[in-house]
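# Chains, contacts and geometry: an overview
Residue strings, one per chain:
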Amino acid sequence: MYIIHNGLIVTEEGIVVDQAIVTEGSYIHSIIPATQMKEYPEAKLINAQGGYVTPGFIDIHSDYIETIASPRPTSMMDFNISLREAEKILVNNGITTMFHSLSFHKEDVFTQNPMRTPENVQQMVEMIHETSDELHLIRHRLHARFEIDHTFGVDQLINNIEQNKVHLLSFMDHTPGQGQYRNLQKYYENLRGYRGATYDEVQTIILEKQSAETISFKDIQRITKLATEKQIAVASHDDDNIEKLHLVRSFGTTISEFPITLEVAREAKKLGLYTIVGAPNVLLGKSHSGNLSAIEAIEQGCADILCSDYYPVALLHAVFHLHEKYGYDLHDMFQMVTINPAKAVKMDHEIGSIKEGKKADLLIIEKMNDGYPMLTTTMVDGVIITETNYRI
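A brief report on the enclosed structure follows. (Residues numbered from 1 in each chain as written. Predicted model: local features only at pLDDT ≥ 70, side-chain atom pairs only at ≥ 80, totals over all residues. Heavy atoms only, no water.)

## Considerations on the layout of surface pockets
Note the cut-off: The distinction between a cavity and a pocket rests on a 1 Å grid over the protein atoms alone: a 1.4 Å probe fits inside a cavity but cannot get out, while a pocket stays open yet meets protein on both sides within 12 Å along at least five of seven lines, and a residue with an atom within 4 Å of a point counts as lining. Grid points are joined across faces, edges and corners, and a volume is the space filled by probe spheres set on the points. In DSSP terms, a helix is any run of H or I states spanning at least four residues, a strand is any run of E spanning at least two, and both are numbered starting from the N terminus. Nonpolar residues are Ala, Val, Leu, Ile, Met, Phe, Trp, Tyr, Cys and Pro. Charged residues are Asp, Glu, Lys and Arg, and all others, Gly as well, are polar.
The calculated volume of the second largest pocket comes to roughly 310 Å³. Every residue lining the second largest pocket is counted, 19 residues in all, and those nearest its centre are Ile-148, Phe-217, Ile-220, Lys-244 and Val-248. Secondary-structure elements contributing two or more residues to the lining of the second largest pocket are strand 11 (168-172), helix 7 (217-229), strand 12 (233-237) and helix 8 (242-250). Looking at the lining of the second largest pocket element by element, the count peaks at four residues for strand 12. Here the residues of the lining of the second largest pocket sort into 11 nonpolar, six polar and two charged.

## Structural notes on the nonpolar core
The condition is simple: We define a nonpolar core as any set of buried Ala, Val, Leu, Ile, Met, Phe, Trp, Tyr and Cys residues linked to one another through side-chain atoms lying within 4.5 Å. Burial here depends on accessible area, computed with a 1.4 Å probe over protein chains only, as a share of the maximum for the residue type. Under 20% is buried, over 50% is exposed, and the range in between is partly exposed. Throughout, a residue-residue contact means that at least one pair of heavy atoms, one from each residue, lies within 4.5 Å.
One finds Leu-169 and Leu-306 to be the most contacted residues of the largest nonpolar core, which totals 71 residues. With seven residues, helix 12 (residues 314-324) is the largest single contributor of residues to this core. Beyond its immediate stretch of four places on either side in the chain, Leu-169 contacts His-143, Ala-144, Leu-157, Ile-161, Ile-223, Ala-227, Ile-232, Ala-233, Val-234 and Ala-235. In this structure, Leu-168, Ala-233, Ile-255 and Cys-307 belong to the second largest nonpolar core, which totals 17 residues.

## A look at the pairing of strand 17 (residues 373-380)
Rules: Two strands are counted as paired when DSSP detects at least two bridges linking them.
Most of strand 17 sits inside the fold, with eight of its eight residues counted as buried. In this sheet, strand 17 lies alongside strand 16 (residues 362-367) in antiparallel orientation, the contact comprising six bridges. Counterpart to Ile-364 in the pairing with strand 17 is Thr-377. Linking two consecutive strands that pair antiparallel, namely strand 16 and strand 17, is a turn of five residues; a positive phi of about 95° is found at Gly-371 within it. With four bridges joining them, strand 17 and strand 18 (residues 383-387) adopt antiparallel strand pairing. In the sheet register, Thr-378 faces strand 18, and the bridge partner there is Thr-386. Hairpin geometry of strand 17 and strand 18 is characterised by an intervening segment of two residues between the two adjacent antiparallel strands and by a positive phi of about 55° at Asp-381.

Put into structure tokens, the structure is as follows:
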């Protein structure tokens, strides 16, 4: 049993003071007035030193594991090492539940990352699935990102869903001329940046992609139906027009990842979809693809969730950046990395907020004199995973 005291506790309702959190086993036992701590003489005390005590962060969209497993196009590391080392990094960034975003691609024309071959994707799927039965630091989940031109990958996806290896599903369409790459110039610039492609090479790729066969609406409906029957949330990706948004909503989609324009983000909110924006977008002040600014979406009340996308460091810093630089309510910003993503993936009964009976996934975040946020303690399932002691 632990008691975390002398902190600013971030609950769903607000940030409270003069309270303490009592944990017992894997769960939060109670939140008590600090004056009642003496009633638990057997508990170990954790002094939050006036810092923020928050729920562990829940990251529902991040392909970071691909970078760890394949740091170079010609380098493929051991998958067990990759996952074990990745979780050390993630937990030290406050991420206690990670939805590893693996791309089910026919072909990755950008990075040509070997982690995106069907064989390697499936090997990592199995590795993620097996962690729950082995020693681990954080809660690992799978976000299956399915590219709609991957026509021969449908059976692989369905098998994984049926075997309970998928925990979030999104459909992606990276065809140039729409979605994330509706601006063909941006598509050209990205290909030039990733692989040094010439103008003629890009033109050939564009024509091939635009004429590629895709899975049918019937296939999408069938897969979505199977997912929803298993209580798996379904997301759309890079929604660029309202008609597409209504179409994917009719399939049972409940999440809109990275809406391309403010108009689409507003419509997603009207339809009751959870909208996701990237924390790196917040730190950069813009989208790396030239699309909707996360800050603008938050300002207009069109964003519910922050994800790390490709940079786990960004979650913690984006929360404070939005508060300190732009004046957004700190409590609301914390909700975007805790209870809101938990609700979106249907895990809010278990994690995402500091409440009696929920898992004791907790962070202590102190501030340096210059305002830099320091994550000093991470607890997962009531176990202290990391303690960081800054020194002069």
